[in-house]
Amino acid sequence: MKTHNIRTLCLILSILCYLLVGAAIFDALESDREALNKKALEQKLNTLREKYGFTDDDYIEVERVVIQSEPHRAGKQWKFAGSFYFAITVITTIGYGHATPRTDAGKTFCMFYAVLGIPLTLVMFQSLGERINTCVRYFLRRVKQGLGLRTTEVSMGNMVLVGLLSCTSTLCIGAAAFSHFEDWTFFNAYYYSFISLTTIGFGDFVALQKKDDLQRRSPYVAFSFMYILVGLTVIGAFINLVVLRFLTLSTEEHSKDVPGERVVTEGEAEDGHSSRCNLSLPMEGGSSRLNLLPAPTEERRLVLSEQLSEPSRLRSMFSCICCGPDIYDGLPASRCDEAGGHSNPVFYNSISYRVDQALCSTSQDSPCRTTLCQRKNNSYTRRKSV
């Protein structure tokens, strides 16, 4: 647990440092350009004022009209095609901001729609990502088998490499397509694809915003919708691979850090079926179990430690033994272990029900039971002892 907490603290500190470094770099890269742009806009505004003679209030009104008319350049935003585009940006959390609800009813429905749609979409992308990773792993294994490689196991490095190549290819395909249809540079189109598929969605570059694109260019509209959905699936598969790997490592380390927690096999037979000779009770730790009557296949795997730590009170109260009192006193644990019997001394320190001759009536005798029956030949007795 201590290691787990230290790692969590390190992650928090790493994120804070990452934010500070990012802020410093963006400040150095963008602040000077921002000042130049602001100065150029102010000069342009003064020129327009001198030319047309409008006041500051007139400028504010013109600015408001220009901003509100911007979404309407692409056509009717709230017909089916535009509404479908908006719905995609909502449930995928891209949120370009190119179109927003104006009515109270639309805003209310948008909130409820997002509450249900966002979790459903995340689960869908995660499920698709798992299926894609499974198919890729199967394909790589078959390729290795076809090439005659000695090791056909697909490693995590192989999966990460394929994921990176898939993500890069998806972004390049989108960059090539959008640079052609939107007349953007390849770099700006690649930037738009990356911002969209990572669901950042700044809105500085938005596809389908030219004159009446939503109504006049149906094939391009369909391609844009499919690209966003398929691209998010590919990116989600890669993120699913990395995140699940991290969660697996986190769970393994957490289980190692928890004191007193251990997993005991419940007497699974070698053929995969559990044996009816098993009886398990919970220990004080709450999660571990103690096998009281293990299967014969388990008996051969048990190894007696030379000295046990103090058994828990619950283990001492509920352990059972299958040895007679004389045998227990005279037969060392090591001999019973060598004969194939149960070797856990916890059974010999507890309230128990000792059956002397009942074991001899069974048809399947273990070597330890045979020894017991030879030593004890009295009638059926049952005795409760501490």
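Residues numbered from 1 in each chain as written. Predicted model: local features only at pLDDT ≥ 70, side-chain atom pairs only at ≥ 80, totals over all residues. Heavy atoms only, no water.

Caption draft 1: Layout of the packing of helix 4 (residues 104-146) against helix 5 (residues 156-182). Two elements in contact, helix 4 and helix 5, have axes whose closest approach is 11 Å; the angle formed by their N-to-C orientations is 115°. By the angle between their directions, the pair helix 4 and helix 5 is classed as roughly perpendicular. For the pair helix 4 and helix 5, the sense of crossing is right-handed. For the pair formed by helix 4 and helix 5, the contact residues are Asn133, Val136, Arg137, Leu140 and Lys144 on the first element and Asn158, Met159 and Val162 on the second. Residues that form the contact of helix 4 with helix 5 fall into these classes: 4 nonpolar, 2 polar and 2 charged. (Axes fitted to C-alpha atoms, helices over the stretch in contact; angles between N-to-C directions. Helix = DSSP H or I, 4+ residues; strand = E, 2+ residues; numbered from the N terminus. Parallel < 35°, antiparallel > 145°, perpendicular 65-115°, else oblique. Left-handed = near helix turned anticlockwise from the far one by under 90°. Contact = heavy atoms within 4.5 Å. Nonpolar A, V, L, I, M, F, W, Y, C, P; charged D, E, K, R; others polar.)

Caption draft 2: Here's a closer look at the environment of Asn133. Here Asn133 shows up in helix 4. Overall, Asn133 belongs to the buried group, its relative accessible area being 10%. Residues Asn133 and Met159 lie 26 residues apart in sequence; the distance between their C-alpha atoms is 7.7 Å. The residues touching Asn133, leaving out its near neighbours within four places in the chain, are Met159, Ala237, Asn240 and Leu241. (Buried < 20%, exposed > 50% of the residue type's maximum accessible area, 1.4 Å probe, protein only.)

Caption draft 3: Quick look at the packing of aromatic side chains. Counted according to the given criterion, the structure contains 17 aromatic pairs. Between Trp184 and Phe205 the ring centres are 5.3 Å apart and the planes differ by 80°, which places this aromatic pair in the edge-to-face class. One end of the pair, Trp184, is in the loop between helix 5 and helix 6 (186-197); the other, Phe205, is in the loop between helix 6 and helix 7 (213-216), and 21 residues separate them in sequence. (Phe/Tyr/Trp six-rings, centres within 6.5 Å; stacked < 30°, edge-to-face > 60°.)

Caption draft 4: Spatial organisation of the packing of helix 3 (residues 80-91) against helix 4. Running from amino to carboxyl end, helix 3 crosses helix 4 at an angle of 60°, the nearest separation of the two axes being 8 Å. The segment helix 3 lies against helix 4, with Phe86, Ala87, Val90 and Ile91 engaging Cys110, Tyr113, Ala114, Gly117, Ile118 and Thr121. Along the lines of polarity and charge, the residues of the contact of helix 3 with helix 4 split into 8 nonpolar, 2 polar and no charged.

Caption draft 5: Geometry of the environment of Phe186. Tracing the backbone through its elements, the reader meets Phe186 in helix 6. Residue Phe186 is classed as partly exposed on the basis of its relative accessible area of 46%. Sequence spacing of Phe186 and Ala175 is 11 residues, and the spatial spacing of their C-alpha atoms is 5.8 Å. Ignoring sequence-local partners within four residues, the contact set of Phe186 consists of Cys172, Ala175, Ala176 and Ser179.

Caption draft 6: Broad picture of unusual backbone geometry. The phi dihedral of Asp183 is positive, around 60°, even though this residue is not glycine. With respect to the secondary-structure elements, Asp183 resides in the loop between helix 5 and helix 6. Positioned with a positive phi, Thr199 is a non-glycine residue whose angle comes to about 60°. Tracing the backbone shows Thr199 in the loop between helix 6 and helix 7.

Caption draft 7: Examining the nonpolar core more closely. By size, the foremost hydrophobic cluster in this structure holds 27 residues, and its most contacted members are Tyr85, Tyr96, Phe178, Tyr192, Ala207, Leu208 and Ile228. Those elements that provide at least two residues to this core are helix 3, helix 5, helix 6 and helix 8 (218-257). Looking at this core, the element that brings in the most residues is helix 8, giving 9 residues. Beyond its immediate chain neighbours, meaning those up to four positions away, Ile228 contacts Tyr85, Ile88, Ile94, Tyr96 and Leu197. (Core = buried A, V, L, I, M, F, W, Y, C linked by side-chain atoms within 4.5 Å.)

Nothing here speaks to function; it is geometry throughout.
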